Amino acid sequence: MAERLRGRAGQAQRLRRLKRTNGLCEHCHKAGRTRAATVVDHIKPLAHGGSDLDSNTRNLCDKHHREVTAEQFGHQVARGKRGVDANGKPLDRDHPWSGRATADHAAPRRPTPRGGRN
């Protein structure tokens with residue numbers, strides 16, 4: 001596996017690579033859309049023997065990074081409302097663990113103690 005830069009040198013390398021596309025996602029740009037790139041992705045993953053050279057990188061938005069990573073490593077990408085958000089809560093509002101469930105799926109309320117407030 002290739003050795004990666006860390007710390008300030010790694011941050012400077014990432015910024016330099018993002019500037020190459022003015023901070024825009026390359027896949028979105030090819031499709032005629034404008035979306036900020038949030039990930040510098042390795043075209044051939046380091047885990048698969050890819051190099052950490054600029055020529056082996058591309059700038060992608062989160063959506064495209066998830067898609068290409070899933071494809072490269074043989075996983076399926078969650079479609080629709082499946083999956084979780086950045087905080088680990090289910091994307092499906094009707095899921096009982098989402099914390100945003102509709103009235104039909106709302107968790108039962110705990111009774112308040114006698115004599116007023118909690």
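Provided above is the structure to which this section pertains.
Residues numbered from 1 in each chain as written. Predicted model: local features only at pLDDT ≥ 70, side-chain atom pairs only at ≥ 80, totals over all residues. Heavy atoms only, no water.

Colleague: When you look at the side chain of Thr-21 in this model, what are you seeing that I'm missing?
Modeller: Within the secondary structure layout, Thr-21 lies in the loop between α1 (7–19) and α2 (26–30). Thr-21 sits in the buried class, given a relative accessible area of 18%. In this structure the side chain of Thr-21 is engaged in a polar contact, spanning 2.8 Å, whose partner is the side chain of Asn-59. In contact with Thr-21, not counting residues within four places along its chain, are Glu-26 and Asn-59. (Helix = DSSP H or I, 4+ residues; strand = E, 2+ residues; numbered from the N terminus. Buried < 20%, exposed > 50% of the residue type's maximum accessible area, 1.4 Å probe, protein only. Polar contact = N/O pair within 3.5 Å; in protein donor to acceptor, adjacent residues only side chain to side chain. Contact = heavy atoms within 4.5 Å.)

Colleague: I tried to follow the nonpolar core on my own but got confused; where do I start?
Modeller: Soluble globular proteins: nonpolar side chains tend toward being buried together. Listed in full, the five residues of the largest apolar core are Cys-25, Cys-28, Leu-60, Cys-61 and Val-68. Look past the residues within four positions of Cys-25 in its chain and what remains in contact with it is Arg-35, Ala-36, Ala-37, Asn-59, Leu-60, Cys-61 and His-64. (Core = buried A, V, L, I, M, F, W, Y, C linked by side-chain atoms within 4.5 Å.)

Colleague: Would you mind showing me how to read the environment of Leu-60 here?
Modeller: Residue placement: Leu-60 occurs in strand β2 (residues 57–60). Each C-alpha atom, one on Leu-60 and one on Val-40, is 6.4 Å from the other, the two residues being 20 residues apart in sequence. Setting aside residues no more than four positions away along its own chain, Leu-60 makes contact with Cys-25, His-27, Ala-37, Thr-38, Val-39, Asp-41, His-65 and Val-68.

Colleague: Is there a simple way to think about α1 in this case?
Modeller: The periodicity of an α-helix, 3.6 residues per turn, causes residues three or four positions apart to be oriented the same way. Given a rise of 1.5 Å per residue, 13 residues ought to cover 18 Å, and the 19 Å separating the end C-alpha atoms of α1 matches this to within 8%. Those residues of α1 that sit buried are Gly-10, Gln-13, Arg-17 and Leu-18. On an axial view of α1, the arc spanned by its buried residues comes to 135°, and they lie on one face. Residues of α1 that are exposed and angled more than 90 degrees away from the buried face: Arg-8, Gln-11 and Lys-19. (Expected span 1.5 Å × (residues − 1). Arc of directions from axis to C-beta.)

Colleague: In this structure, what is going on with the pattern of salt bridges? I would like to understand it.
Modeller: Overall, the coordinates contain six salt bridges when judged by the stated rule. Across the pair Arg-20 and Glu-26 runs a salt bridge whose closest N-O atoms are separated by 4.0 Å. Between Glu-67 and Lys-63 there is a salt bridge; the shortest N-O distance is 3.3 Å. One end of the pair, Glu-67, and the other, Lys-63, are both in helix α3 (residues 62–72), four residues apart, so they sit about a helical turn from each other. In this structure Glu-67 comes out as partly exposed when scored by relative accessible area, which is 23%. Under the relative-accessibility criterion, Lys-63 is labelled partly exposed at 36%. One connected set of salt bridges, linked through shared partners, spans Arg-16, Arg-17, Asp-52 and Asp-54. (Salt bridge = Lys/Arg side-chain N within 4 Å of Asp/Glu carboxyl O.)

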